[in-house]
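Now for the letters of each chain:
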Amino acid sequence: MDAHFSPTLPVYVMAKPAGALCNLRCDYCYYLEKRHLYRQPQKTMMPGDVLETYIRDYIALHAEGTQVEFVWHGGEPLLQPLSFFMNVLRLQKKYAGGRQIINALQTNGTLITPELAHFFHEHNFLIGLSIDGPQELHDRYRRSRSGRGSWQQVMQGIGLLNRYGVEWNAMAVVNDATAADPLGFYHFFKEIGCRYIQFTPVVERLLPHADGRSLASPIEYGQAELAPFSVTPEAWGEFLCTLFDEWVVSDVGEYFIQIFDATLAGWMGVLPPVCSMARTCGHATALEHNGDLYVCDHYVFPEFKLGNIMERPLAELTRQQSLKDFGANKERLLTRQCRECEYLFACHGECPRNRFALSADGEPGHNYLCAGYRRFFKHAAPYMDFMKRKLMHGEAPADVMEWARKRG
């Protein structure tokens, strides 16, 4: 299986039911400023007709008898009332046509109530929850509009999810602060019983725009400067290697780290669980509150808008050549250094939004985090080779732990 863009592969949509609205003001948030793209940014709740059109058309993209995954994102989607999500279920049932419907929702965790937790449990919502480790680290960047830390509220939300038996996983940002203590960061998640963790490196560049936006688009170079909270390639590589060294001797099969799963998928030659490590992209679009569809959640910029689902059918928008070209460009625009890299199969140049650096021979469009990834892949290679052999023989990759301990 590979990740080439193909009409036979599904197109996923990340829907923004509250647009870019959020009750927090996280310093590194890439989405908050998208409110400047709309004339009335305070009115970005998804109307009922847009919601129904989206649910109907998105389900119709999937063959009968298949599974349809809805992803609700933000901003903060829980700014929508519970009645909104009850309506979501009603519409999904109306248009399901024999398909299995599942829902995933990404939240900052501060607005979870007992009523919501009960609802998520009853209707099998998978919750992705953003938390940046212990209080001191989390509250450094994840604060409210008034500047107050949000950690206490998030932990209360986690408590409610656990109490009501809601399945959840963590999305943790690796920034300049959290990268400084990889094991302390990791141990926090183990201490709170979180077994599924996505560690995401944050890299943003600052470039003021006339409409009020301050972040650079992936295709804007100019005078953009790196945001101070961004993780460096060196720190990212150190973070991954340090984390891996503990995981590979103690936690394989018990704690699931998305970047390690994705790396093993690359070693096996199968589609990874995260689009940034796939050969091509163009399958994960983003839907704004008003029906505007963009090529990707990280490419919600005017130049990457595909159209509006209230004006053109979703199926038509997702078949556009511009989306196919966008997906193919991930591979087509690799630098020479990337093409000749022995670990190209593992990351495929990672996410194009991070390709603003120069390669070793001065070619533009190289991934900023390349050195960190290369260090990690070289470090993990013997263990990935071992787990690959185990999987190919139908054996447990967790056997790597005993082998790693003996290897020292």
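Since we're looking at a predicted model, the values are computed, not measured. (Residues numbered from 1 in each chain as written. Predicted model: local features only at pLDDT ≥ 70, side-chain atom pairs only at ≥ 80, totals over all residues. Heavy atoms only, no water.)

> Is there a simple way to think about the overall build of the protein in this case?
Counting its regular elements, the protein contains 14 helices and 14 strands. Reported as C-alpha extents along the three principal axes, the dimensions of the protein are approximately 60 × 50 × 50 Å. For the protein, the proportion of its 408 residues judged to be buried stands at 54%. Contacts spanning at least 24 positions in sequence make up 69% of the contacts within the protein whose residues lie at least 6 apart. Only carbon and sulfur atoms are counted for the fraction: they give 52% of the accessible area of the protein, which is about 18,200 Å². The positive charge centre, built from 41 side chains, and the negative charge centre, built from 46, are 3 Å apart in the protein. (Helix = DSSP H or I, 4+ residues; strand = E, 2+ residues; numbered from the N terminus. Buried < 20%, exposed > 50% of the residue type's maximum accessible area, 1.4 Å probe, protein only. Contact = heavy atoms within 4.5 Å. Areas by Shrake-Rupley, 256 points an atom, 1.4 Å probe, with all protein chains shown as cover. Lys, Arg positive; Asp, Glu negative; His and termini not counted. Charge placed at Lys NZ, Arg CZ, Asp CG, Glu CD.)

> Any chance you could explain the environment of Pro272 here in plain terms?
Within the element layout of this structure, Pro272 appears in the loop between helix 8 (258-268) and strand 10 (284-287). Along the primary structure Pro272 and Lys34 are separated by 238 residues, whereas in three dimensions their C-alpha atoms are 29 Å apart. In contact with Pro272, other than residues within four places in its own chain, are Ala262, Ala265, Met277 and Ala278.

> How do you make sense of the pattern of salt bridges when you look at a structure like this?
Note that side chains of opposite charge can pair when their charged atoms are close. Applying the stated criterion across every chain, the model contains 15 salt bridges. We note a salt bridge from Lys16 to Asp297, for which the minimum N-O separation is 2.5 Å. Here Lys16 is found in the loop between strand 1 (12-15) and helix 1 (48-60), whereas its partner Asp297 is found in the loop between strand 11 (292-294) and strand 12 (305-308), with 281 residues between them in sequence. Here the two residues Lys16 and Asp297 agree in accessibility, since each one is buried. Between Arg143 and Asp27 there is a salt bridge whose closest N-O contact spans 3.1 Å. In this pair, Arg143 is assigned in the loop between helix 4 (135-141) and helix 5 (151-163) and Asp27 in the loop between strand 1 and helix 1, connecting sequence segments 116 residues apart. Note on Arg143: relative accessible area 23%, which makes it partly exposed. Residues joined in a network through salt bridges with shared partners are Lys190, Glu246 and Asp251. (Salt bridge = Lys/Arg side-chain N within 4 Å of Asp/Glu carboxyl O.)

> When you look at the pairing of strand 4 (residues 126-130) in this model, what are you seeing that I'm missing?
The side chains of a regular strand alternate between the sheet's two faces. For strand 4, a buried count of four out of five residues is recorded, marking the element as mostly surrounded by other parts of the structure. Handedness of the crossover joining strand 3 (residues 100-107) and strand 4 through helix 3 (residues 114-122) is recorded here as right-handed. (Right-handed = clockwise from strand over helix to strand, strands pointing away.)

> Just checking my understanding: could you explain the side chain of His348 for this structure?
Checked against the element boundaries, His348 lands in the loop between helix 12 (344-347) and strand 13 (357-358). Apart from the residues lying within four places of it in its own chain, the contact partners of His348 are Met277, Ala278, Arg279, Lys330, Leu334 and Arg355.

> I tried to follow the sheet that holds strand 9 (residues 256-257) on my own but got confused; where do I start?
In a beta sheet, neighbouring strands pair by backbone hydrogen bonds and run either parallel or antiparallel. Pairing in this open sheet of 10 strands is mixed, and the strands run 9-6-5-4-3-2-1-10-11-12 from one edge to the other. Since the sheet does not close on itself, it has two edges, and those belong to strand 9 and strand 12, each with one partner. Across two bridges, the pairing between strand 6 (residues 196-201) and strand 9 is parallel. If you follow Ile197 over to strand 9, its bridge partner there is Ile257. (Pairing = 2+ DSSP bridges.)

> Where do I start with unusual backbone geometry in this structure?
The bulk of non-glycine residues show a negative phi, and the bulk of peptide bonds are trans. Cis geometry marks the peptide bond from Gly74 to Gly75, where omega comes out at 10°. Along the chain, the position of Gly75 falls in the loop between strand 2 (67-72) and helix 2 (82-95). Here the phi dihedral of His348 falls at roughly 50°; this positive angle occurs in a residue that is not glycine. Of note, Glu350 is a non-glycine position whose phi angle comes to about 50°, a positive value. Among the structural elements, Glu350 can be located in the loop between helix 12 and strand 13.

> I tried to follow the packing of helix 13 (residues 370-392) against helix 14 (residues 400-407) on my own but got confused; where do I start?
Two quantities define a packed helix pair, namely the angle between the axes and the distance from one axis to the other. Between helix 13 and helix 14, the shortest axis-to-axis distance is 10 Å and the interhelical angle comes to 145°. Between helix 13 and helix 14 lies a crossing of right-handed hand. Along its contact with helix 13, which presents Pro382, Tyr383, Phe386 and Met387, the element helix 14 presents Val400, Trp403, Ala404 and Arg407. The residue makeup of the contact of helix 13 with helix 14, split by class, is seven nonpolar, no polar and one charged. (Axes fitted to C-alpha atoms, helices over the stretch in contact; angles between N-to-C directions. Left-handed = near helix turned anticlockwise from the far one by under 90°. Nonpolar A, V, L, I, M, F, W, Y, C, P; charged D, E, K, R; others polar.)

> When you look at the packing of aromatic side chains in this model, what are you seeing that I'm missing?
Each aromatic ring pair is characterised by the separation of its centres together with the angle its planes make. The tally for this structure, following the rule as stated, stands at 44 aromatic pairs. Ring geometry for Tyr54 versus Tyr58: centroids 5.5 Å apart, planes at 25°, classification stacked. In this pair, Tyr54 and Tyr58 are both assigned in helix 1, four residues apart and thus about one turn of the helix distant. According to the relative accessible area criterion, Tyr58 is buried, its value standing at 0%. Above the face of the Tyr31 ring, Lys16 is positioned so that its terminal group lies 3.8 Å from the ring centre. One residue, Arg407, lies across the ring of Tyr383, its end atom 5.2 Å from the ring centre. (Phe/Tyr/Trp six-rings, centres within 6.5 Å; stacked < 30°, edge-to-face > 60°. Lys NZ or Arg CZ within 6 Å of the ring centre and 35° of its normal.)

> Mind showing me how you'd approach the pairing of strand 5 (residues 168-174) here?
Of all the seven residues making up strand 5, six are buried; the element is thus mostly covered by neighbouring parts of the structure. Two elements, strand 5 and strand 6, share five bridges in a ladder whose sense is parallel. Counted as the bridge partner of Ala170 is Ile197 from strand 6.

> Which parts of the structure should I look at to understand the side chain of His366?
Among the secondary structure elements, His366 is positioned in strand 14 (residues 364-366). Setting aside its immediate chain neighbours within four residues, His366 contacts Thr335, Gln337, Cys338, Asn354, Arg355, Phe356, Ala357, Leu358 and Ser359.

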